[in-house]
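This is what each chain is made of:
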Amino acid sequence: MKKITKTNAARLLDRAKVAYELIPYEVDENDLAAGHVADQLGEDIRCVFKTLVLHGERTGHFVCVIPGCDEVDLKKAAKVSGNKKVDLIAMKDLLATTGYIRGGCSPVGMKKPFPTFFHTTCTDFEYIYVSAGMRGLQLKVSPAALVSYVGAQVVDITATK
């Protein structure tokens, strides 16, 4: 078994004494969706969260962390972030803005701290999965500990199905 390299996100959690596990998974460059990650982990898609970066016309960049099976509701995201209009940032701007690439964007350790919003369902689970900051590696972590560490709000930000 090969050694798992710690990411910056993991080192930051270590420094803050936040308990977590690093969980590797097989990357499929043609399928970076959370569903693939959940399948690889053998976990419920509802506890595998994806990290999305948005931009509001008033407040600038902010982060939404939502279940992998859901879509962010832009109207709800605008309201909770204090904006009238928001959009997902362009994929080409993700690395420059956050320091992360698509499929490896973590709510922990971005280039600078952004207001962060976790979907309310994160509290339904003892632990959730979020990217550890690189493709092929997830953080398994207590949602309460993660929300507290990143200073996030827990709000309803997903589209109703």
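Before any of the text, the structure's been laid out above.
Residues numbered from 1 in each chain as written. Predicted model: local features only at pLDDT ≥ 70, side-chain atom pairs only at ≥ 80, totals over all residues. Heavy atoms only, no water.

Phe-118, Ile-128, Leu-139 and Leu-146 are the most contacted members of the largest nonpolar core, which totals 30 residues. At the level of secondary structure, the elements contributing two or more residues to this core comprise α1 (8-15), β1 (20-24), β2 (49-56), β3 (60-67), β6 (128-134), β7 (137-141) and α5 (143-150). If you tally residues by element for this core, the top one is α1, at four residues. Sequence-distant contacts of Leu-146, that is, excluding residues within four places in its chain, are made with Pro-107, Val-108, Phe-118, Ile-128, Val-130 and Val-141. In this structure, Ile-66, Val-72, Phe-117 and Val-155 belong to the second largest nonpolar core, which totals twelve residues. (Core = buried A, V, L, I, M, F, W, Y, C linked by side-chain atoms within 4.5 Å. Buried < 20%, exposed > 50% of the residue type's maximum accessible area, 1.4 Å probe, protein only. Helix = DSSP H or I, 4+ residues; strand = E, 2+ residues; numbered from the N terminus. Contact = heavy atoms within 4.5 Å.)

Burial within β6 is extensive, with five of its seven residues counted as buried. In this sheet, β7 lies alongside β6 in antiparallel orientation, the contact comprising five bridges. From the neighbouring strand, Val-130 faces β7, where its bridge partner is Leu-139. (Pairing = 2+ DSSP bridges.)

Attention now goes to the sheet that holds β7. A sheet is described by the order of its strands in space; here three strands give the open sequence β1-β7-β6, paired in antiparallel fashion. Every interior strand has two partners, whereas the edge strands, β1 and β6, have only one. Strand-to-strand twist of the sheet, defined as the mean angle between neighbouring strand axes without regard to direction, takes the value 35°. By the bridge criterion, five bridges tie β1 to β7 in an arrangement that is antiparallel. (Axes fitted to C-alpha atoms, helices over the stretch in contact; angles between N-to-C directions.)

The next subject is the pattern of salt bridges. Taken as a whole, this structure holds eight salt bridges when the rule is applied. The closest approach of N and O atoms between Asp-14 and Lys-6, which form a salt bridge, is 2.5 Å. Classification of Asp-14 as partly exposed rests on a relative accessible area of 32%. Classification of Lys-6 by relative accessible area gives partly exposed; the value is 37%. Among the ionic pairs, Asp-44 bridges to Arg-46, the shortest N-O distance being 2.5 Å. Take Asp-44: its relative accessible area is 31%, and that puts it in the partly exposed class. A residue is classified by how much of its surface remains accessible, and Arg-46, at 46% relative accessible area, is partly exposed. (Salt bridge = Lys/Arg side-chain N within 4 Å of Asp/Glu carboxyl O.)

Looking at where His-36 falls in the secondary structure, it is placed in helix α2 (residues 34-41). With sequence-adjacent residues up to four places away left out, His-36 is seen in contact with Glu-26, Val-27, Asp-28 and Asp-31.

Summary: where empty space remains is shown by rolling a probe the size of a single water molecule over the atoms. There is about 590 Å³ of room inside the largest pocket. Along its surface, the largest pocket is lined by 29 residues, and Lys-50, Thr-51, Leu-52, Arg-102 and Gly-103 are the ones closest to its centre. Listing elements by their share of the lining of the largest pocket, those giving two or more residues are α2, β2, α4 (91-98) and β6. For the lining of the largest pocket, the leading source of residues is β2, giving five residues. (1 Å grid on protein atoms, 1.4 Å probe; cavity = no way out; pocket = protein on both sides within 12 Å on 5 of 7 lines; lining within 4 Å. Points joined across faces, edges and corners; volume = space filled by probe spheres on them.)

Further remarks concern unusual backbone geometry. The phi dihedral of Lys-17 falls on the positive side, at around 60°, and the residue is not glycine. By the element assignment, Lys-17 lies in the loop between α1 and β1.

Attention now moves to the sheet that holds strand β8 (residues 153-155). The strand order across the open sheet built from five strands is β4-β2-β3-β5-β8, with neighbouring strands paired in mixed fashion. Sheet topology places β4 (86-88) and β8 at the edges, where each strand pairs with a single neighbour. Direction aside, neighbouring strands of the sheet carry axes that sit 35° apart on average.

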